[in-house]
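Each chain is listed here by its residues.
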Number of protein chains: 2
Amino acid sequence: MADRLVARILPGVCQKQAGTEDVMRGEETQLLGLSALRPGFSGLVVLPGTHSKWALLSGSRLERFGTAMTGELYEVLSTHSVLRHSLAGNIDPAERDAGFEQGLAMGLDAPDGLAARLFKVRSAALLSGRSAGWCAGLLSGLLIGSEIGAFRGWIGEAPVPLIGGPGLSALYAQGLAAIGAQSEIIEAERATLAGLKAART
Amino acid sequence: MADRLVARILPGVCQKQAGTEDVMRGEETQLLGLSALRPGFSGLVVLPGTHSKWALLSGSRLERFGTAMTGELYEVLSTHSVLRHSLAGNIDPAERDAGFEQGLAMGLDAPDGLAARLFKVRSAALLSGRSAGWCAGLLSGLLIGSEIGAFRGWIGEAPVPLIGGPGLSALYAQGLAAIGAQSEIIEAERATLAGLKAART
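Everything in this summary refers to the structure shown in the same document. (Residues numbered from 1 in each chain as written. Chains lettered and ligands numbered in written order. Predicted model: local features only at pLDDT ≥ 70, side-chain atom pairs only at ≥ 80, totals over all residues. Heavy atoms only, no water.)

From N to C terminus, chain A includes nine helices and seven strands. Taken along the three principal axes of its C-alpha coordinates, chain A extends 65 × 45 × 35 Å. When the 201 residues of chain A are sorted by exposure, 51% land in the buried category. At a minimum sequence separation of 6, the contacts of chain A that also span at least 24 residues come to 64%. With an accessible surface of roughly 9,400 Å², chain A has 51% of that area assigned to carbon and sulfur atoms. Each charge class in chain A was averaged separately, 18 positive and 19 negative side chains, and the resulting centres sit 4 Å apart. (Helix = DSSP H or I, 4+ residues; strand = E, 2+ residues; numbered from the N terminus. Buried < 20%, exposed > 50% of the residue type's maximum accessible area, 1.4 Å probe, protein only. Contact = heavy atoms within 4.5 Å. Areas by Shrake-Rupley, 256 points an atom, 1.4 Å probe, with all protein chains shown as cover. Lys, Arg positive; Asp, Glu negative; His and termini not counted. Charge placed at Lys NZ, Arg CZ, Asp CG, Glu CD.)

This paragraph deals with the nonpolar core. Formed by 47 residues in total, the largest nonpolar core has its most connected members in Leu77(A), Leu118(A), Leu77(B) and Leu118(B). Counting only elements with at least two residues in this core, the list comes to α2 (70-80), α5 (114-117), α6 (120-128) and α7 (132-150) of chain A together with α2 (70-80), α5 (114-117), α6 (120-128) and α7 (132-150) of chain B. For Leu118(B), the residues in contact, after removing those within four places along its chain, are Met69(A), Leu73(A), Leu77(B), Leu83(B), Leu139(B), Leu142(B) and Leu143(B). (Core = buried A, V, L, I, M, F, W, Y, C linked by side-chain atoms within 4.5 Å.)

All names here are of chain A. Put simply, α7 and helix α8 (residues 166-178) touch, their axes get as near as 10 Å, and they point 60° apart. Considering the angle they form, α7 stands oblique to α8. The handedness of the crossing between α7 and α8 comes out as right-handed. Touching Ser140, Ile144, Glu147 and Ile148 of α7 are Leu168, Leu171, Tyr172, Gly175 and Leu176, all from α8. Grouping the amino acids of the contact of α7 with α8 by side-chain chemistry returns six nonpolar, two polar and one charged. (Axes fitted to C-alpha atoms, helices over the stretch in contact; angles between N-to-C directions. Parallel < 35°, antiparallel > 145°, perpendicular 65-115°, else oblique. Left-handed = near helix turned anticlockwise from the far one by under 90°. Nonpolar A, V, L, I, M, F, W, Y, C, P; charged D, E, K, R; others polar.)

As a further point, take the relation of the copies chain B and chain A. Between the two copies, chain B and chain A, the superposition gives an RMSD of 0.0 Å; the rotation angle is 180° and the shift along the axis is 0.0 Å. Read as a symmetry element, the transformation amounts to a two-fold axis. Among all C-alpha atoms of chain B, that of Asp112(B) lies closest to the rotation axis, at 1.7 Å. When the interface residues of chain B are mapped onto chain A, 100% of them again fall at the interface, so both copies present the same face. (Least-squares fit on C-alpha atoms with pLDDT ≥ 70 in both.)

Moving on, we get to the packing of α2(A) against α2(B). The contact between α2(A) and α2(B) brings their axes to 10 Å, and the two run at 105°. Between α2(A) and α2(B), the angle is such that the two are roughly perpendicular. On the side of α2(A), the interface is formed by Glu72(A), Leu73(A), Val76(A), Leu77(A) and His80(A), while α2(B) contributes Glu72(B), Leu73(B), Val76(B), Leu77(B) and His80(B). Across the contact of α2(A) with α2(B), the residue classes break down as six nonpolar, two polar and two charged.

The subject of this paragraph is the pairing of strand β5 (residues 61-68) of chain A. Strand direction decides the pairing type here: strand β4 (residues 52-58) of chain A and β5(A), joined by seven bridges, are antiparallel. Looking at β5(A), one finds that Ala55(A) is bridged to Phe65(A). (Pairing = 2+ DSSP bridges.)

In total, this model carries four aromatic pairs over all chains according to the counting rule given. Between Phe151(A) and Trp154(A) the ring centres are 5.1 Å apart and the planes differ by 85°, which places this aromatic pair in the edge-to-face class. Under the relative-accessibility criterion, Phe151(A) is labelled buried at 5%. Considering the side-chain rings of Trp54(B) and Phe151(B), the 4.8 Å spacing of their centres and the 10° angle between planes classify their relative orientation as stacked. Here Trp54(B), found in strand β4 (residues 52-58), pairs with Phe151(B), found in the loop between α7 and β6 (160-164); they are 97 residues apart in sequence, far enough to count as distant. (Phe/Tyr/Trp six-rings, centres within 6.5 Å; stacked < 30°, edge-to-face > 60°.)

Here it is, written out as C-alpha cells:
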C-alpha cells in the first residue's frame, strides 16, 4: 500500500529584492489555487491571518507581496500588554462591532498614527468606561484599518479576493468597503485544495 | 517623629476631549519640573519610555498630549512574537546601531507602513542572514521612527526637551536629528525632583 503514496513538499516563496525582503510559507499554495479557480485573474489578493499577506498576481505569476503582522499584533497586545486589562471580561458582540467600526475609521483615516493610537484602547476603558467587547473591537479595527491603509496603493478597481476564514475575512471586507473597494471571500480550504491539485499537475 | 512627615499624593492627568482621550500618571510631575527648570518654556516635550508621552506645554500649562506604546511594543514583540527568533543571541552594539539607523529611516519615511514593516525584522534574518543585534536595532528603529513620524506635526522650531533615561533619550535625539529637529536630553530624575519641589510650593 505504501508504494501507492508519493509524498511531495511544496516550497515557500521568498522575495529578495533589497528593501522588499519577505517570505511566505503556505499562502503560495492558496494563491496557486486562486489562479486555478479564476483563470487569468490579475490583481490584488489578500490573505488575512496571523501574518496577513497582500499579493499582486498576474495569472499564476506572483509579482510582489508584503506581510502585515496584524493577527499576531492583536494576539500579543491582548495577551501581554497593558491593553489586556481593557479586554478582560465578557465580550458583547454588538459592543465589539461598534468598537470595531470606530477603530477601523481611525486606522484607515491615519494609518501613520498606529503607534500613537493603540493606547486609545486603554484610555477608552479608563476614561469613557468602554466595555471589554468595545475595546476588543477597537483594537481589532485599529490594526486592520492601519493594515488596509498601509497597502491602500495596492488596491485597484477589481473586487479583491479575500482568502481566509469567514469571520476574519468579513472584517477585512468591511474595511475594504469603508474605502469603496469591493471584495469576494474565498474559503481558505477551497483555495488550498485547488492549489494542491494545480501543483500536482 | 511621624508628626514631621506629611505625605501627599500627586494626581495624574487625563484628557477627555472626544477623540483625544488619554491619561498620564507620573509624567505630569516631570513636566511640572521642566517648567520649573525652564521658566516660560512653551512647546513640545517628549518623554520616551514604555508608554512615551508627547506633550505640548505652554509655561506650566499642559495644552495637549498623546501616548505611543513604543517601549511596550518593543517588549512584547521581542519577547512573545515570531520576531523573537530573530533577536535571540549575542547583541553586537555596532550591528545594533546599523540596524537602528535603517529601521529609523524606514519608520520616518513611511510611518503608515508600521504594520506592514514589522515583519521585515524576520525577513532580514531569514533572507539576508542579519544578526540578532542588527535585527534588534531594526525593530527599535522602526518603532521609534514610526512614533516620531506619527507626531511629526507637533515638532516646532525650538529644541525638543527629551525627559528620560540617557540611552533611550539618545535614540530619540538621533531620530529627531534625522528630520532636522534639535533636542536636549534632561535626566528623568532631575525633572522628577524639580517637579516634586514645584508641587510642594
